[in-house]
Amino acid sequence: MNMMNHNLEMIMQENLVQQVETLLREKPQLRPVEMADELKVTEWSVVSALPGDMVYLIKGNLAEAILLDISHWGAVTTIVERDGSVFEFKGSLPEGKPGFGYFNLMGTAGQLHGHLKLDAIANIALLSKPLRGKEAHAIVFYNRAGACVFKVYLGRDEQGVIYAHQLQAFNRLKGLGYAR
């Protein structure tokens, strides 16, 4: 990349950071996907522009290790959102293993099952942003186009408090990434 393109990219990123900061101030209830729609950019672009205390960014090649770690956390909420529809699964994320080009979630009856194309995961965000006025933390998996593939939110007890052991594990994952 030549110096002029690099400088232009830096200016555009700084502008996006300012736009995201403005949205956080004026519309704090917006989720990153809604912020992306409003700014006409990818969700990954928005997440990459969030303040460093809200997000740690991790390369996608660590997805398998992170998923294996999460499988030992207990009940979490896994979310897949497509075209405005939201699919949620509350329960422990099952262990998985590679096979036939996928990472196969090996859930038992009543557990989440699936086949994840992990080589399609380009980036991962450890996101700490309030959701509907409550503390929330999620591990969010993004594809190369900057779209969210799926998210795993930390679980809560009967009083709605995030499990302390999950928050500790989430914070340990920050050592794999970098704050913006």
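That block above? That's the structure.
All values reported here derive from a predicted model rather than from experimental measurement.

Quick look at the pairing of strand β8 (residues 137–143)
Phase 1 of the analysis: Counting buried positions over the 7 residues of β8 gives 6, a clear majority of the element.
Phase 2 of the analysis: Alignment of strand β7 (residues 121–128) against β8, held across 7 bridges, turns out to be antiparallel. Within the sheet, the bridge partner assigned to S128 lies in β8 and is H137.
Phase 3 of the analysis: In terms of strand pairing, β8 meets strand β9 (residues 148–153) through 5 bridges, oriented antiparallel. In the strand pairing of β9, A138 is matched with Y153.
Phase 4 of the analysis: Between the end of β8 and the start of β9, which pair antiparallel, lie 4 residues, with G146 showing a positive phi angle near 90°.

Here's the deal with the environment of G107
Phase 1 of the analysis: The topology assignment puts G107 in the loop between β5 (102–105) and β6 (114–116).
Phase 2 of the analysis: Under the relative-accessibility criterion, G107 is labelled buried at 13%.
Phase 3 of the analysis: Discounting residues that sit within four places of it in the chain, G107 has contacts with P94, L112 and H113.

Procedures and definitions
- Residues numbered from 1 in each chain as written.
- Predicted model: local features only at pLDDT ≥ 70, side-chain atom pairs only at ≥ 80, totals over all residues.
- Heavy atoms only, no water.
- Buried < 20%, exposed > 50% of the residue type's maximum accessible area, 1.4 Å probe, protein only.
- Helix = DSSP H or I, 4+ residues; strand = E, 2+ residues; numbered from the N terminus.
- Pairing = 2+ DSSP bridges.
- Contact = heavy atoms within 4.5 Å.

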